[in-house]
Each structure stands twice: as C-alpha cells, then as structure tokens.
Amino acid sequence: SYPDYCTRHVLTMSYEPAEPVSSPAVAALSQARRNRLGAAILEQFLMELFSWQRMQTDPNFGNYRVRIDQQGDNDQVLLLDFGAMRMLPASFATPFCEMLLAGYRRDREVFLDKAIELGFMKSHFPEDVLENFTDIGIDIAEPLRKVDDSVPVEARTEQGEYIWRASNLPKRIAKRAVAASISRYFALPPKDFLYVMRKLMGVYALIAQLDARFDGEQVLLKFVDR
C-alpha cells in the first residue's frame, strides 16, 4: 500500500499483474507447480490464524491471483482486498486454534471442550449431538492430517498425497451436518468463527480449483509445537 495516499476511509494499493486462479494458464502449469501454489494458499491461511491473528476474510476467487514465473517455476500467489481484514482477539483465536489442532489430532475431548468454551455447543446438549458435532470437526481437519485409510480412496494418491478436488469434503461435511440435525442445537457462534470458517472453506475450494495434491500436515506442522 501507499501510506501517503491512504486515509481511514481510503486504501491505496499498487496494481499487481497476475493470472486469475481459474485461468487456462494456471491450469496448464505442471502438477508440481500447482501443488506448491496450493500449499502456499494453505500456509498463508494458517499464518493469518496462528501467527498474525488477523485475517483477510473474503476468500472469493477474484481476490487470489497467480503470478506465473515465466523463467522458471517460482510462481507466486497474490492476495488482494485488504479492506476485508479482521483482527482476531486472543480470546477467540487461541481456543479456536486449539480446537482445530484437536480435530487434527482426533482428540475428541479437547475439541468438544473448546467448542463449548467458544459458546456454539452447550454441555447440556444431547450426547449424540455433541458426538456428531465432534465428528464434523474431525472431518474438517481431514486435509491437515497425513493421508490414511480414513480418507476416501478417490481422494488419495498412491504416494500418500491428498487430492483436494476429489475429496468432495465440503459436501460431505454438509451432508453429515444435515443428517445429524446439528442446526437444531448449534448455538449462535461468535462472528469471528463465521469469518474464519468462511475463509477456511474458501481456501479449501481454491486449492481444489488448482487441483493441487499435497500432504497438508507438512504445512500445518510449521505452525505447531509438536
């Protein structure tokens, strides 16, 4: 941005030439290059959440561009629209990160404790509702774990890479939520939760658009104290 030309109501930024994520030029990149771009999109989201605790909350495809390296394979992802930034208070970001990591680790007790702490599950809800909600949280973290037999066959390569497009994860999660009648009990969550989940689902969709195939755990572990 250009601070000299910015005010509280005007954000002045540079023009960045690049290709849309859905462009034929991006689709024509090799699988390895698209894998790196997908991993960069995931890493940027996790950095916003774990490190910066501030997030660009509008993940529509128009806000992501790809700068193709014409001389090699050092392609770059560009993120636009910083007018959609949101600060994430520690009172939300810390338990949310702990909840996400609990889903990744399949730690059902911690996951549910954090969901209750954040206020969108209640301890007096029926046991089957709490169990189903925890199942959904573990599903959401599926791309962040090392690929194993719990991942649908069509969503994993023989080399153990996660095939984001073939996973059909958002539809699977939505189907499970409807079947479990989660909406009857789901408490009104903090606005920060809605923004972050919107961003996470957008990131998953962007990576699927690239048809990237990679182990998300290797990206997540950069931000996790093992």
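Provided above is the structure to which this section pertains.
Here's what I pulled together on the structure shown here. Sequence positions are assigned chain by chain, starting from 1 and proceeding in written order. Given that the model is predicted, a residue must reach a pLDDT of at least 70 before its local features are reported, and side-chain atom pairs must reach 80 or more before they are shown or counted; all residues, however, enter totals for whole chains, interfaces and linings. Water and hydrogen atoms were dropped before computing side-chain values, which therefore reflect all heavy atoms in the structure.

## Describing the overall build of the protein chain
Phase 1: Secondary structure elements are defined from DSSP: runs of H or I of at least 4 residues count as helices, runs of E of at least 2 residues count as strands, and each element is numbered from the N terminus. The helix and strand tally for the protein chain stands at 9 helices and 7 strands.
Phase 2: Compactness check: the protein chain gives a C-alpha radius of gyration of 18 Å against a globular reference of 17 Å for 226 residues, within 12% of the reference.
Phase 3: For the protein chain, the spread of C-alpha atoms along the principal axes amounts to about 55 × 50 × 35 Å.
Phase 4: We call two residues contacting when some pair of their heavy atoms lies within 4.5 Å. Long-range contacts, defined here as pairs at least 24 residues apart, represent 71% of the contacts in the protein chain between residues at least 6 apart.
Phase 5: Only the protein chains shown count as cover for residues, and the accessible areas themselves come from Shrake-Rupley with a 1.4 Å probe. Total accessible area computed for the protein chain in this model is approximately 12,100 Å², and 52% of it derives from carbon and sulfur atoms.
Phase 6: Charge assignment in this entry is limited to Lys and Arg as positive and Asp and Glu as negative, and neither His nor the chain termini are counted. A single reference atom marks each charge: NZ on Lys, CZ on Arg, CG on Asp, CD on Glu. Positive and negative side-chain charges in the protein chain, numbering 28 and 31 respectively, have mean positions lying 4 Å apart. Restricting the calculation to C-alpha atoms gives the radius of gyration, and the globule rule supplies 2.2 Å times the number of residues raised to the power 0.38.

## Notes on unusual backbone geometry
Phase 1: Backbone geometry at Q53 places phi at a positive 55°, although glycine is not the residue there.
Phase 2: Considering the arrangement of structural elements, one finds Q53 in the loop between α2 (31-52) and β2 (54-56).
Phase 3: Throughout, exposure labels follow a simple rule: accessible area from a 1.4 Å probe, protein chains only, divided by the maximum for the residue type, with under 20% read as buried, over 50% as exposed, and the rest as partly exposed. Taking relative accessible area as the criterion, Q53 reaches 24% and is therefore assigned partly exposed.
Phase 4: The backbone of N168 sits at a positive phi, close to 55°, despite the residue not being glycine.
Phase 5: Mapped onto the fold, N168 is located in the loop between α6 (164-167) and α7 (169-179).
Phase 6: A relative accessible area of 40% means that N168 is categorised as partly exposed.

## Details of the nonpolar core
Phase 1: Among buried residues, those of type Ala, Val, Leu, Ile, Met, Phe, Trp, Tyr and Cys that are joined through side-chain atoms within 4.5 Å constitute a nonpolar core. One finds L42, L49, F50 and F96 to be the most contacted residues of the largest nonpolar core, which totals 62 residues.
Phase 2: If you list the elements that add at least two residues to this core, you get α2, β3 (64-67), α3 (90-105), α4 (108-118), α5 (127-140), α7, α8 (191-209) and α9 (216-220).
Phase 3: No other element matches α3, which puts 9 residues into this core.
Phase 4: Excluding residues within four positions of it along the chain, L49 makes contact with M55, L88, F96, C97, L100 and V196.

## Brief notes about the sheet that holds strand β4 (residues 76-79)
Pairing between sheet strands relies on hydrogen bonds along the backbone, with the strands arranged either parallel or antiparallel.
Phase 1: Two strands are said to pair when DSSP picks up at least two bridges between them. An order of β1-β3-β4 is seen for the 3 strands of this open sheet, with the pairing classed as antiparallel. Of all strands in the sheet, those bounded by a partner on one side alone are β1 (19-20) and β4.
Phase 2: Fitted lines through C-alpha atoms serve as axes, helices being fitted only where they are in contact, and the angles separating the N-to-C directions of these axes extend from 0 to 180 degrees. Running over the sheet, α2 touches β3 and β4 and is turned about 45° from β4.

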